Amino acid sequence: MSLRQACAAAIDGYDGGYFHGCDWLRAAFMEVPREHFVPDRVWWPNPQDGHYPLLDRTERPRQWLKAVYRPLAALITQIDDGRVRPEDGPATGGSFTSSISCSAVIVDMLHHLGPQPYEKVLEIGTGSGYTTALLAHRVGAGNVVTMEIDDGLAERAAGNLTALDLTPRTVVGDGEAGYAAAAPYDRILSTAAVRDIPAAWPKQVRPGGVIVTPLDTPYATDALLKLVCDGHGNATGHLIKAVSFMKTRAQRPRRSYEDLGWPGWTDHHVTIGPDGQHIRTT
């Protein structure tokens, strides 16, 4: 618990979101044991000597637990869709395909999502089930639908949640299609980045409902995007801050930013005046 408290205290120090003004979010963070959702073997995402180190709970439990509660550390739970196994030890390469996102970013996403008690929420990307548990703490497990494309991850997440007496509806499937059977939703949260917002998402959200998702950008980072929906398949919103997430499987291949609607470099205009620098796009 002391590590969880220290992690929460660190997150309290970050500006622009996080726990600020969200007592429910702090309560959920303190009640839900993050370590319960982290596999005994995970990879540290920063390479050392050309390898991604493996953190093993059975061999070095204190090191593993401290990593779980580092506020800005994501822990890698899957490489190359499971073709690289934790049993093989430190990884020399491959693509990260699942993780338990860092505590600070999860808290920040939920802050901007702003779920209210008893609202219906669709989560895209169950992963370990940790974010699902935080959502269930706020809206009730029966109001959460969570989707995971990897059946092995979905099964483990469902087990993690059930062990805490949480039984959201867990659906194995491609989250880009949403889950129309339980629509409309008040909120949709994606924990996987997209290059192009799937058309199904705003179609499944009530008027005034919110979508929060990481969006790929041409600026060498993803951005946290918040959209407000009109109930007719349309949505408008704004970028909040830089983040970094794995892409959904269908959107891993690169695409032209021009085709995705991003302004080109020559569309950016810079004005310098007595009040400083201003950058705008046409």
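Residues numbered from 1 in each chain as written. Predicted model: local features only at pLDDT ≥ 70, side-chain atom pairs only at ≥ 80, totals over all residues. Heavy atoms only, no water.

Enquirer: Just checking my understanding: could you explain the packing of aromatic side chains for this structure?
Expert: Aromatic ring pairs are described here by two measures, namely the spacing of the ring centres and the angle between the planes. Here the structure, examined in full by the defined rule, presents six aromatic pairs. Relative to Phe29, the ring of Phe19 has its centre 5.6 Å away and its plane inclined at 70 degrees; by these criteria the two rings are edge-to-face. One end of the pair, Phe19, is in the loop between α1 (2-12) and α2 (23-31); the other, Phe29, is in helix α2, with 10 residues separating them in the sequence. Judged by its relative accessible area of 2%, Phe29 is buried. (Phe/Tyr/Trp six-rings, centres within 6.5 Å; stacked < 30°, edge-to-face > 60°. Helix = DSSP H or I, 4+ residues; strand = E, 2+ residues; numbered from the N terminus. Buried < 20%, exposed > 50% of the residue type's maximum accessible area, 1.4 Å probe, protein only.)

Enquirer: For this particular structure, what's the right way to read helix α5 (residues 130-139)?
Expert: Burial analysis of α5 places nine of its 10 residues in the buried class, which makes it a mostly covered element. Within the span of α5, buried status applies to Tyr130, Thr131, Thr132, Ala133, Leu134, Leu135, Ala136, Arg138 and Val139. One or two steps after α5, the chain reaches Gly140, where phi turns positive at roughly 95 degrees.

Enquirer: Teacher, can you tell me more about the packing of α1 against α2 here?
Expert: Between two packed helices, what matters for the description is the angle formed by their axes and the separation of those axes. Between α1 and α2, the shortest axis-to-axis distance is 10 Å and the interhelical angle comes to 150 degrees. With respect to α2, the axis of α1 lies roughly antiparallel. As for how α1 packs across α2, the hand of that crossing is right-handed. Only Arg26, Phe29, Met30 and Glu31 of α2 make contact with α1, whose side of the interface consists of Arg4, Gln5, Cys7, Ala8, Ile11 and Asp12. Considering only residue class, the contact of α1 with α2 consists of five nonpolar, one polar and four charged. (Axes fitted to C-alpha atoms, helices over the stretch in contact; angles between N-to-C directions. Parallel < 35°, antiparallel > 145°, perpendicular 65-115°, else oblique. Left-handed = near helix turned anticlockwise from the far one by under 90°. Contact = heavy atoms within 4.5 Å. Nonpolar A, V, L, I, M, F, W, Y, C, P; charged D, E, K, R; others polar.)

Enquirer: Explain the nonpolar core to me, please; I cannot follow it from the model alone.
Expert: One broad trend across soluble globular proteins is that nonpolar side chains are buried collectively. Ranked by size, the top nonpolar core spans 49 residues in total, and within it Ile11, Phe29, Leu75, Leu110, Leu113 and Tyr130 carry the most contacts. If near-sequence neighbours (up to four positions away) are discounted, Leu75 is found in contact with Val38, Val42, Trp43, Trp44, Leu55, Ala67, Val68, Ser99 and Ile100. Among the nonpolar cores identified, the runner-up in size contains 18 residues, and Val171, Val194, Leu225 and Leu227 belong to it. (Core = buried A, V, L, I, M, F, W, Y, C linked by side-chain atoms within 4.5 Å.)

Enquirer: Explain the sheet that holds strand β6 (residues 144-148) here, please?
Expert: Strand pairs in the sheet, formed through backbone hydrogen bonds, run parallel or antiparallel to each other. Spatially, seven strands are ordered β7-β6-β5-β8-β9-β10-β11 in an open sheet, and the strand pairing comes out mixed. Pairing within the sheet leaves two strands with one partner each, and these edge strands are β7 (169-172) and β11 (235-243). Between one strand and the next, the sheet's axes are offset by a mean angle of 15 degrees, whatever the strand orientation. Along the sheet, helix α6 (residues 151-162) makes contact with β6 and β7, crossing β7 at roughly 165 degrees. (Pairing = 2+ DSSP bridges.)

Enquirer: For this particular structure, what's the right way to read the pairing of β6?
Expert: Consecutive side chains of a regular strand alternate in pointing toward one face of the sheet and then the other. Across the five residues of β6, five count as buried, placing the element largely inside the fold. Neither face of β6 is exposed, since Val144, Thr146 and Glu148 on one face and Val145 and Met147 on the opposite face are all buried. The pairing of strand β5 (residues 121-124) with β6 spans four bridges and is classified as parallel. Bridged to Val121 within β6 is Val144. Handedness of the crossover is the feature at issue here: the chain leaves β5, passes through α5, returns alongside β6, and the resulting connection is right-handed. Where β6 meets β7, four bridges bridge the pair, whose relative direction is parallel. Pairing of Met147 across the sheet is with Val171, part of β7. (Right-handed = clockwise from strand over helix to strand, strands pointing away.)

Enquirer: Would you take a moment to explain α6 for this structure?
Expert: Since the α-helix advances by 3.6 residues per turn, residues separated by three or four positions end up pointing in the same direction. Compared with an ideal rise of 1.5 Å per residue, which puts 12 residues at 16 Å, α6 spans 16 Å between its outermost C-alpha atoms and is within 8% of the ideal. Listing the buried residues of α6 in full gives Gly152, Leu153, Ala154, Ala157, Asn160 and Leu161. Buried residues along α6 sit in contact with β3 (75-79), β4 (96-100), α5, β6 and β7. Where α6 begins, the side chain of Asp150 points an oxygen toward the backbone nitrogen of Gly152, at a separation of 2.9 Å. (Expected span 1.5 Å × (residues − 1). Polar contact = N/O pair within 3.5 Å; in protein donor to acceptor, adjacent residues only side chain to side chain.)

Enquirer: Is there a simple way to think about a nonpolar patch on the surface in this case?
Expert: A surface patch of nonpolar side chains, amounting to about 320 Å² of accessible area, comprises Val270, Ile272 and Ile279. Turning to its location among the elements, Ile279 is positioned in strand β13 (residues 276-281). (Patch = residues over 30% accessible without salt bridge, like charges linked within 9 Å, V, L, I, M, F, W, Y side chains within 5 Å. Areas by Shrake-Rupley, 256 points an atom, 1.4 Å probe, with all protein chains shown as cover. Salt bridge = Lys/Arg side-chain N within 4 Å of Asp/Glu carboxyl O.)

Enquirer: When you look at the pattern of salt bridges in this model, what are you seeing that I'm missing?
Expert: Opposite charge on two side chains allows them to pair when their charged atoms are near. Taken as a whole, this structure holds 15 salt bridges when the rule is applied. The shortest N-O distance in the salt bridge between Asp196 and Arg255 comes to 3.5 Å. Of this pair, Asp196 sits in the loop between β8 (185-190) and α7 (200-203) while Arg255 sits in the loop between β11 and β12 (268-273), and the two are 59 residues apart along the sequence. Overall, Asp196 belongs to the partly exposed group, its relative accessible area being 36%.

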